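Below, each chain spelled out in residue letters.
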2 protein chains.
Amino acid sequence: MSKLLQDVVGELSKLPGVGRRTALRLAIHILRMEPESVGDMTRSIDRFRSEVKYCARCNNLSDEEVCPICADRERDRSTICVVEQVADVLSIENTRQYKGLYHVLGGVISPMQGIAPSDLKIDLLCDRIAQGGVKEVILAISTSVEGETTLFYLMSRLRHYPGLKVTSIARGIGFGDELEYVDELTITHALMNRREIE
Amino acid sequence: MSKLLQDVVGELSKLPGVGRRTALRLAIHILRMEPESVGDMTRSIDRFRSEVKYCARCNNLSDEEVCPICADRERDRSTICVVEQVADVLSIENTRQYKGLYHVLGGVISPMQGIAPSDLKIDLLCDRIAQGGVKEVILAISTSVEGETTLFYLMSRLRHYPGLKVTSIARGIGFGDELEYVDELTITHALMNRREIE
């Protein structure tokens, strides 16, 4: 086997969800791509890794000191939606329904994985709130054990800001989900939080 | 959304089997990798694309003019196994059972996709046989319509070499396959080519 092929397959296999077979398929595809396209791809990866920054305010990925969302004067600066990771910001942005700001924690509290509250951007969140102007904090944290732990910890910290409204995104049956396959906890929660049809 | 992130997601989405969601997951993973590891990966991709060659004898991927298999004096030079693509060579090599040489066609004849016999390395195969010393050509071509067309075309070309044995790899029920889910053509073939248990 060609050493060059072996190297590229080995390197691509390090990516998540990419086994040796997929890596080989990707390598064969790369071979068929124009050399310029391959150059564009590898350059974008290198630039992304070396130049991307974290927004000094919300910890979202950013090309500048402050991300476009935090810099956008049109957005509602009185609302902050707290999420675990960068991908969550994109998911919410894709709905085009939310006009407030974000705050990316960078994970959840996990004693098992050695992630303490101090490893997350919680102090930065509190600093933002302390500066004033924030009326509501929406917690959009996952419902895992670690997520719930993080939620309770955040609640305990945010309680110290008088007048601050703290909300959590609604839990329930997703659109398109079949009741048959939804877990019991979600169904219980959805039943308890049932709404009158108007 | 960060322009750098947007770029890298766009570039990675061009790879086969990688949608925007997977590309985003890969980008986030790349962000967590050591900068040196990212550099190693992109360098190996660039080097692979720009430096890898095709073996002048068998058309397999190679770092040199002639690939390690063709250059290996230990291999049986009287047998050539004809395959469609580079990945097939690796699949057969992984069995560690085959000691002959290979010939990579680079595809199959496909009028639909505009691939004619002249687009494949068939002349190169005939040249190798014409040089003498080859006793058997094993055709390991897929059983698709295009594969069968290619097989018949190859047979018609190889008929011109007297004394050359042309074989095809055995078709049948794969190990671990359940008869219930095997297609009828394969079962018919497997029945017709049944073997006496010794």
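Residues numbered from 1 in each chain as written. Chains lettered and ligands numbered in written order. Predicted model: local features only at pLDDT ≥ 70, side-chain atom pairs only at ≥ 80, totals over all residues. Heavy atoms only, no water.

K.L.:
Mind showing me how you'd approach helix α5 (residues 86-95) of chain B here?
P.N.:
One turn of an α-helix holds 3.6 residues; hence residues three or four places apart share an orientation. Within the span of α5(B), buried status applies to Val86(B), Ala87(B), Val89(B) and Leu90(B). Down the axis, α5(B) shows its buried residues gathered within 155° of arc, on one side only. Where α5(B) is buried, its residues meet α1 (3-12) and α2 (20-32) of chain A together with β2 (61-62), α4 (68-71), β3 (76-83) and β4 (100-104) of chain B. Among the residues trailing α5(B), Arg96(B) stands out with phi positive, at a value near 60°. (Buried < 20%, exposed > 50% of the residue type's maximum accessible area, 1.4 Å probe, protein only. Helix = DSSP H or I, 4+ residues; strand = E, 2+ residues; numbered from the N terminus. Arc of directions from axis to C-beta. Contact = heavy atoms within 4.5 Å.)

K.L.:
Mind showing me how you'd approach the side chain of His103(A) here?
P.N.:
Residue and element names in this part refer to chain A. Within the fold, His103 resides in strand β4 (residues 100-104). On the basis of relative accessibility, which here comes to 0%, the residue His103 falls in the buried class. Of note is the side chain of His103, whose polar atom sits 2.7 Å from the backbone oxygen of Lys121. Not counting residues up to four positions away in its chain, the partners in contact with His103 are Arg57, Cys58, Ile80, Cys81, Val82, Val83, Lys121, Leu124, Leu125 and Arg128. (Polar contact = N/O pair within 3.5 Å; in protein donor to acceptor, adjacent residues only side chain to side chain.)

K.L.:
What am I meant to see in the nonpolar core here?
P.N.:
The tendency in soluble globular proteins is for nonpolar side chains to be buried side by side. Judged by nonpolar contacts, the single largest core of 112 residues is most densely connected at Leu5(A), Phe48(A), Leu5(B) and Phe48(B). The contact partners of Leu5(B), leaving out residues within four places of it in the chain, are Phe48(A), Leu61(A), Val86(A), Leu90(A), Leu24(B) and Ala27(B). (Core = buried A, V, L, I, M, F, W, Y, C linked by side-chain atoms within 4.5 Å.)

K.L.:
Sorry if this is basic, but what is going on with the interface of chain A and chain B here?
P.N.:
How large an interface is tends to be reported as the accessible area lost when its parts come together. Residue-level contacts link 45 residues of chain A with 45 residues of chain B. Counting the surface lost from both chain A and chain B, the interface buries some 4400 Å², and carbon and sulfur atoms represent 74% of this. Viewed at the interface, chain B and chain A are joined by zero salt bridges. Run the count over chain A and chain B and you get 13 residue pairs in polar contact (both at pLDDT 80 or more). Elements that contribute at least two residues to the side of chain A that touches chain B include exactly α1, α2, α3 (35-51), β2 (61-62) and α5 (86-95) of chain A. (Buried area = accessible area lost by both parts, 1.4 Å probe. Salt bridge = Lys/Arg side-chain N within 4 Å of Asp/Glu carboxyl O.)

K.L.:
How do you make sense of the sheet that holds strand β5 (residues 136-140) of chain B when you look at a structure like this?
P.N.:
Two orientations exist for strands paired in a sheet by backbone hydrogen bonds: parallel and antiparallel. All names here are of chain B. With respect to topology, four strands assemble into an open sheet ordered β4-β3-β5-β6, the strand pairing being parallel. Each edge of the open sheet is held by one strand with a lone partner, namely β4 and β6 (165-168). Neighbour-to-neighbour, the strand axes of this sheet turn through a mean angle of 25°, independent of strand direction. Bridging between β3 and β5 involves five bridges; their strand directions are parallel. In the sheet register, Cys81 faces β5, and the bridge partner there is Ile138. Running over the sheet, α5 touches β3, β4 and β5 and is turned about 160° from β4. Running at roughly 170° to β5, helix α7 (residues 145-158) makes contact with β3, β5 and β6 of the sheet. (Pairing = 2+ DSSP bridges. Axes fitted to C-alpha atoms, helices over the stretch in contact; angles between N-to-C directions.)

K.L.:
Can you walk me through the pattern of salt bridges in this structure?
P.N.:
All names here are of chain B. Following the criterion strictly, the structure yields 12 salt bridges over all chains and no others. The closest approach of N and O atoms between Asp7 and Lys3, which form a salt bridge, is 3.1 Å. Of this pair, Asp7 and Lys3 both sit in helix α1 (residues 3-12), four residues apart, roughly one helical turn. The class for Asp7 is partly exposed, based on a relative accessible area of 31%. For Lys3, a relative accessible area of 48% gives the class partly exposed.

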